[in-house]
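So the chains spell out like this:
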Amino acid sequence: MLDTAKDFRYSVFMQISGQYFTDEILARIRSRVRDESALTRSGLSREVCDWMDWRDTGGRPKEMSCRVALLKLSRRGLIELPEPKAVSFAKPIDAPVIATDWLTIKTTLAELGRVWLEPVDSNNIESSKQWWEMMRAHHPQGAAPLCGAQLRYSVCCEAGVLGGLSFSAAAWRLKPRDRWIGWDDATRQKMLPRVVNNSRFLILPGVRVANLASHVLSLALSRLATDWQTRYGITPLLVETFVDGSSYRGTCYKAANWIHLGQSQGRGRQNSGHLQSKTIKEIWGYPLHAQCQSLLQMNDEPIRLSATLAMARCLTPLDWVEEEFGGCKLPDARLQSRLHSLARDFYARPTANITQACASRAKAKAAYRFLDHEMTTMDTLLQPHYRATEARVKLESTVLAVQDTTSLNYTAHAATEGMGSIGSTVNGPQGLHLHSTLAFSTQGTPLGFLDAQCWARKPEDFGKKAKRHTTPIEEKESFKWLKSFRAVADVQTRCPHTTLVSVGDREADIYELFVEAFKSDNGPKLLVRAKNNRTLQDEQARLWETMLARPVDGIQVLEVPRQGSRAARQARMQIRYAAVNLAPGKKYGGDPISVWAVLAQEQEVPEGVIPLEWMLLTTMPVASFAQATEKLMWYARRWGIEVLHRTLKSGCRIEQRQLGNADRIEACLAIDMVVAWRIYYLNKLGREVPESPCTVYFEEAEWKALMVFTNKNPIPPDNPPSLREATRRVAGLGGFLGRKCDGEPGTQTLWLGLQRLDDIVAMWRVMAYATQVTVSSGTGYG
């Protein structure tokens with residue numbers, strides 16, 4: 001036996017990534033083996049030697065199963081493997097079902113309390129046995145074995161086990177999935193380990209909790225990449241699953257924003273005859289990364305450990321600036337570098353002016369030169385962010401593209417050129433108008449901007465109100481709604497698997513906007529709050545009178561957030577819905593437009609509070625009370641863009657920028673908009689996926705400095721805290737007290753906390769470097 005066998009076994013056994021050897025492992029093996037020829041003389045097969053590329057053939061190494069190679073080496077006496085474990089090949093599916101008192105409960109998700117996933121380890125006999133018994137008793141697949149690499153979880157609450165789910169190896173060949181990714185056979189063979197199959201999902205039949213299934217899926221997906229990487233050394237990029245359409249509708253997967261990819265052929269995994277032997281199933285997929293398709297199309301050398309680490313870094317990007325501003329079409333690389341530097345500085349000190357944010361005279365002068373450059377326009381600077389937003393949009397089944405207008409007041413900076421009136425008179429307050437379109441998931445997470453328009457009103461535009469009925473829409477300021485809708489329509493063509501819904505307030509109640517929405521059946525949908533009591537076709541009464549004459553279809557409770565001195569409250573809304581035909585009017589002519597109307601009116605209003613009343617018009621069908629309340633909840637997400645505009649003004653203090661003219665302000669505004677979105681995104685992310693590791697947002701130096709400072713302990717923890725814990729600690733730096741009555745932190749305490757964190761991280765890096773230098777200088781060699 002070789003004297004290097006121990007090292008050889010260690011290299012192979014302890015440094016395997018997935019099921020295949022990697023070039024890095026092979027390099028380490030070569031470095032540990034002094035005599036290459038000794039291996040061949042000792043009986044190592046030529047096939048293995050050729051595969052390890054010791055003959056420098058220049059060809060690509062063959063992909064041999066690691067387990068097969070280990071077995072061959074062991075049989076030739078080159079390495080020693082542990083004693084094999086006793087394995088039973090009896091089919092557990094045939095075993096009798098053991099009677100168990102499974103949990104029975106009927107409640108709401110809120111009343112159920114905390115729900116968590118408990119990993120099931122095969123070494124824990126009791127939990128593993130319980131999991132298989134649960135599947136055998138209640139899952140259609142019973143206790144059929146899972147294929148390949150696998151993870152199992154039990155779904156738990158304080159009352160007991162609610163169900164279970166598992167993830168295992170993906171299907172070898174799946175036409176709809178492969179077509180969606182863009183795979184050929186060679187790429188699929190290389191990248192298939194990056195796809196994981198949700199092979200089991202069960203909520204016990206006695207558990208009746210609305211929205212529990214989609215909530216469990218979200219919990220599982222938030223931790224799957226980390227758990228799979230920890231166990232197998234591979235970071236998955238896509239999750240797939242199969243739903244038997246004859247028995248289930250896949251509602252929970254749709255609610256959890258999975259993408260419907262197509263249908264299977266009904267052949268199953270082991271069908272070598274390519275004949276339909278099983279039921280045809282619906283295929284659903286969930287990308288775990290915004291660039292999932294691009295990453296899965298990588299057709300390069302076999303996956304290396306370094307590539308795995310790079311992929312993991314891509315999944316949790318350390319530099320968000322590169323993701324949001326990378327690839328900006330600027331004529332000079334120095335301008336690109338300056339853009340990245342400004343974005344980092346603005347984010348680190350969102351409330352500071354440019355000189356304070358840049359922290360040096362030289363950087364401040366460079367910033368002013370950058371903003372004054374003729375190529376650094378608002379639209380140019382935002383293009384990379386638009387692309388990054390579109391990538392996030394592709395991960396959702398439904399996205400709300402919320403439009404809104406806000407004014408930026410620069411009256412205090414009278415010397416600023418290019419300003420216009422933001423009031424009702426020519427000589428009133430001066431500034432700019434900003435009309436932006438912000439994408440939200442249906443859960444309210446901001447995904448980024450899809451469009452932004454900024455302009456100053458010209459003095460000659462005043463006094464044209466009398467001509468508004470004869471002026472074309474293209475010459476009106478209200479054309480901004482159509483322009484943003486068309487930008488959303490362009491995104492819709494590139495995201496066919498996502499339904500985009502353009503959402504607007506009463507200002508968006510423009511007949512031309514409805515006409516625009518009906519130009520294409522495959523375009524985005526429209527949801528606006530009605531302002532005009534429109535005439536209806538074939539109806540004697542107008543819109544409001546017609547809807548009030550209908551009986552109430554149901555009551556929906558709506559959470560109304562705090563606004564100024566007005567306390568947060570729960571509003572009980574009476575809901576009415578109906579299909580209506582909007583008459584075109586004399587100016588437009590043509591056929592009436594068929595839309596659905598949803599009227600929501602608040603009842604039992606507290607004293608001194610103006611009751612809510614929303615009349616919503618939508619191009620999406622509203623055929624049930626559930627669909628009506630869904631549109632109501634979607635419109636409620638519109639508040640999010642007002643939060644972001646407040647963050648832009650109060651947090652980033654865009655109105656305090658003194659830049660001399662409107663063009664420089666617009667360039668600066670582009671950066672501030674992305675910074676404001678980033679702050680708001682952190683705020684929502686900490687609520688949507690609170691148990692995710694904070695590394696999805698914070699760099700290593702940031703979370704370590706945060707923990708050291710807040711714990712008053714110079715030694716940081718080994719593992720990063722959860723995103724929720726890190727978010728609350730950052731908000732604590734900004735004044736958040738974290739009392740029970742305080743709820744979750746808001747954007748204001750976050751942007752104040754982030755500014756303090758930047759100083760803390762800077763000191764942490766200095767001290768860490770100083771410690772490293774001190775230790776290195778004191779190390780000698782004897």
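Position numbers for residues count from 1 along each chain, tracking the sequence in the order it is written. Reporting of local features is limited, given that this is a predicted model, to residues whose pLDDT is at least 70; pairs of side-chain atoms are given and counted only at 80 or more, and all residues count toward the totals for whole chains, interfaces and linings. To obtain the side-chain values, all non-hydrogen atoms of the structure were included, while hydrogens and water were left out.

A. Inspection of the overall build of the protein chain at higher detail. Per the convention used, a helix needs a DSSP run of H or I reaching at least four residues, while a strand needs a run of E reaching at least two, with both numbered from the N terminus. Helix and strand counts for the protein chain come out as 28 helices and 19 strands. To sort residues, take the accessible area from a 1.4 Å probe on protein chains only and compare it with the maximum for the residue type: under 20% means buried, over 50% means exposed, and anything in between is partly exposed. Residues counted as buried form 49% of the 782 residues belonging to the protein chain. Two residues qualify as a contact provided that any one of their heavy atoms is within 4.5 Å of a heavy atom in the partner residue. Taking the intrachain contacts of the protein chain between residues at least 6 apart in sequence as the baseline, contacts between residues at least 24 apart amount to 68%.

B. Representation of the confidence of the model for the protein chain within the structure. pLDDT measures how confident the predictor is about each residue, on a scale from 0 to 100. For the protein chain, the average pLDDT comes to 78, and 79% of its residues sit at 70 or higher. Here residues 31–64 is modelled with pLDDT under 50, and outside its nearest four sequence neighbours on either side it reaches 60 contacts, counting other chains as well. Contacts of residues 775–782 to residues separated by more than four positions or lying in other chains number zero contacts, the stretch itself having pLDDT below 50.

C. Quick look at the pairing of strand β5 (residues 195–203). In terms of residue burial, β5 counts as a mostly covered element, since eight of its nine residues are buried. As paired strands, strand β4 (residues 160–169) and β5 are joined by six bridges and run antiparallel to one another. Its bridge partner lying in β5, G163 is registered against I203. Here, strands pair whenever DSSP counts at least two bridges between them. Here β5 pairs with strand β7 (residues 238–244) via three bridges, running parallel. Looking at the pairing, V195 lines up with L238 of β7.

D. Structural context of unusual backbone geometry. In this structure, N211 takes a positive phi of about 70 degrees despite not being glycine. Tracing the backbone shows N211 in the loop between β6 (207–209) and α10 (212–232). The backbone of K712 sits at a positive phi, close to 55 degrees, despite the residue not being glycine. Owing to a relative accessible area of 66%, K712 belongs among the exposed residues under this scheme.

E. Main features of the packing of helix α15 (residues 333–348) against helix α17 (residues 361–372). Their axes nearest at 10 Å, the elements α15 and α17 cross at an angle of 115 degrees. Seen along the crossing, α15 lies across α17 with a hand that is left-handed. Within the contact between the two elements, α15 uses L335, R338, L339, S341, L342 and D345 and α17 uses K363, A366, A367 and F370. Three categories are distinguished: nonpolar for Ala, Val, Leu, Ile, Met, Phe, Trp, Tyr, Cys and Pro, charged for Asp, Glu, Lys and Arg, and polar for the others, with Gly belonging to the last. In the contact of α15 with α17, the residues fall into six nonpolar, one polar and three charged. Inter-axis angles, ranging from 0 to 180 degrees, are taken between N-to-C directions of lines fitted to C-alpha atoms, where helices are fitted over the stretch in contact. By definition, any crossing whose near helix is turned counterclockwise from its far helix by less than a right angle is left-handed, and any crossing with a clockwise turn is right-handed.

F. Fine view of helix α7 (residues 125–138). What a helix is expected to span follows from its residue count: subtract one and scale by 1.5 Å. Helix length check: α7 (14 residues) gives 20 Å between terminal C-alpha atoms against 20 Å at 1.5 Å per residue, within 8%. Taken together, the buried positions of α7 are occupied by S127, S128, W131, W132, E133, M134, M135 and R136. If you follow the buried residues of α7, they end up packed against β3 (150–157), β4 and β5.

G. The packing of aromatic side chains, seen in detail. Only centres within 6.5 Å qualify two rings of Phe, Tyr or Trp (six-membered ring in Trp) as a pair; their planes then separate them into stacked at under 30 degrees, edge-to-face at over 60, and tilted for everything else. With the rule as written, the count across this model stands at ten aromatic pairs. Taking the centre distance of 5.0 Å and the plane angle of 50 degrees together, the rings of W228 and Y232 count as tilted. Taken together, the positions of W228 and Y232, both in helix α10 and four residues apart, correspond to about one turn of that helix. Judged by centre distance (5.8 Å) and plane angle (65 degrees), the rings of W614 and W639 are edge-to-face. You can see W614 sitting in strand β19 (residues 613–618) and its partner W639 sitting in helix α24 (residues 639–651), a full 25 residues away along the chain. Judged by its relative accessible area of 4%, W614 is buried. Cluster of aromatic residues (ring-pair linked, three or more members): F201, Y253, W258 and Y286. When the ring centre of W172 is taken as reference, the NZ or CZ atom of R188 above it lies at 4.7 Å. A ring has a charge above it when a Lys NZ or an Arg CZ is no more than 6 Å from the ring centre and no more than 35 degrees off the ring normal.

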